[in-house]
Amino acid sequence: AIHHIPKIHQAKFFSAMYHKLDENGVALFLIPALQDYHRPIREVACRPEWAEYFKDFNFDDVRTYEHAPYYRDMAQNAGFMQESLIIEERQPDIEMDFDSMKNYFAGWLPHLVHLNNHHASSEIKDRFLNDIVTLYFAQQQTDRHAKVKNWMWQNKIVLFKSARAL
């Protein structure tokens, strides 16, 4: 779950993993990539009506979603040798309507914890989720009363500690 490690500590993580592996060790990283819904989350949080709540919030401090080369380069800087770098596209078997999408975000979105820390009411948090999902559906060119299928991107990186492990 490296995407839960703040960016400023991720290089240390790869270095620690490298040093913990046996000489012929292999590391497999499955890391969620930047998804289509991350853009509306950031856009809504930056809107003037939300700016006061999120002026001291940095999404990268709590979750990081990057594409595979970002993680590959960091791993190679720690000493790993790259065997393969795969960016997988997955589509879940379920479609989500507006409320399902809100519930999905409510289950993990760190912005909601931040709003709790600012003593935001449940109505404010619900309005924030509504704004995100409304923008997401608009960007997907999907009517609010329809369903969307989310394309999920995942980075799959296989790394070796030494050339002998290849």
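In what follows, the structure referred to is the one given above.
The structure displayed is predicted, hence computed values, not measured ones.

Draft legend 1. Region of the structure containing the overall build of the chain. Counting its regular elements, the chain contains seven helices and three strands. Reading the chain from its N end, one meets helices and strands in the order α-β-α-α-α-β-α-α-α-β. The buried share of the chain, reckoned over its 166 residues, is 42%. Summed over all atoms, the accessible surface of the chain reaches about 9300 Å², with 50% contributed by carbon and sulfur.

Draft legend 2. Region of the structure containing the packing of helix α1 (residues 7-20) against helix α4 (residues 68-77). Close contact between α1 and α4 brings their axes to 8 Å; oriented N to C, the two are set at 50°. One finds that α1 runs oblique with respect to α4. The handedness of the crossing between α1 and α4 is right-handed. Contacts between α1 and α4 involve Lys7, Gln10, Ala11 and Phe14 on the former and, on the latter, Tyr70, Tyr71, Met74 and Ala75. A breakdown of the residues in the contact of α1 with α4 according to their chemical character gives six nonpolar, one polar and one charged.

Draft legend 3. How the structure looks around the side chain of threonine 142. Residue position: threonine 142 is located in the loop between α7 (122-139) and β3 (152-160). Beyond its immediate sequence surroundings of up to four residues, threonine 142 is in contact with Phe137, Lys147 and Val148.

Draft legend 4. Region of interest: the side chain of histidine 111. If you trace the backbone, histidine 111 turns up in helix α6 (residues 110-117). Look at histidine 111 and you get buried, because its relative accessible area is 2%.

Draft legend 5. Local environment of the packing of α6 against α7. As a packed pair, α6 and α7 sit with axes 10 Å apart at the nearest point and diverge in direction by 150°. By the angle between their axes, α6 is roughly antiparallel relative to α7. The hand of the α6/α7 crossing is right-handed. In this structure, α6 uses His111, Leu112, Leu115 and Asn116 to contact α7, whose residues at the interface are Lys125, Phe128 and Leu129.

Draft legend 6. Region of interest: the pattern of salt bridges. Counted by the stated rule, this structure contains four salt bridges. Residue aspartate 73 pairs with arginine 72 through a salt bridge whose shortest N-O separation is 2.9 Å.

Draft legend 7. Geometry of the packing of aromatic side chains. What the rule picks out here adds up to 16 aromatic pairs. Between tyrosine 104 and phenylalanine 105, the ring centres sit 5.6 Å apart and the planes meet at 50°, which makes this aromatic pair tilted. Judged by relative accessible area, which is 0%, phenylalanine 105 ranks as buried. Of the aromatic side chains, those joined through ring pairs into one cluster are Tyr37, Phe98, Tyr104, Phe105, Trp108, Tyr136 and Phe137. Arginine 144 extends its terminal NZ or CZ atom over the ring of phenylalanine 98, reaching a point 3.7 Å from the ring centre. In this structure, lysine 161 is placed above the aromatic ring of tyrosine 18, and the distance from its NZ or CZ to the ring centre is 4.8 Å.

What counts, and where the lines are drawn
Residues numbered from 1 in each chain as written. Predicted model: local features only at pLDDT ≥ 70, side-chain atom pairs only at ≥ 80, totals over all residues. Heavy atoms only, no water. Helix = DSSP H or I, 4+ residues; strand = E, 2+ residues; numbered from the N terminus. Buried < 20%, exposed > 50% of the residue type's maximum accessible area, 1.4 Å probe, protein only. Areas by Shrake-Rupley, 256 points an atom, 1.4 Å probe, with all protein chains shown as cover. Axes fitted to C-alpha atoms, helices over the stretch in contact; angles between N-to-C directions. Parallel < 35°, antiparallel > 145°, perpendicular 65-115°, else oblique. Left-handed = near helix turned anticlockwise from the far one by under 90°. Contact = heavy atoms within 4.5 Å. Nonpolar A, V, L, I, M, F, W, Y, C, P; charged D, E, K, R; others polar. Salt bridge = Lys/Arg side-chain N within 4 Å of Asp/Glu carboxyl O. Phe/Tyr/Trp six-rings, centres within 6.5 Å; stacked < 30°, edge-to-face > 60°. Lys NZ or Arg CZ within 6 Å of the ring centre and 35° of its normal.

That's the geometry; what it means functionally is another story.
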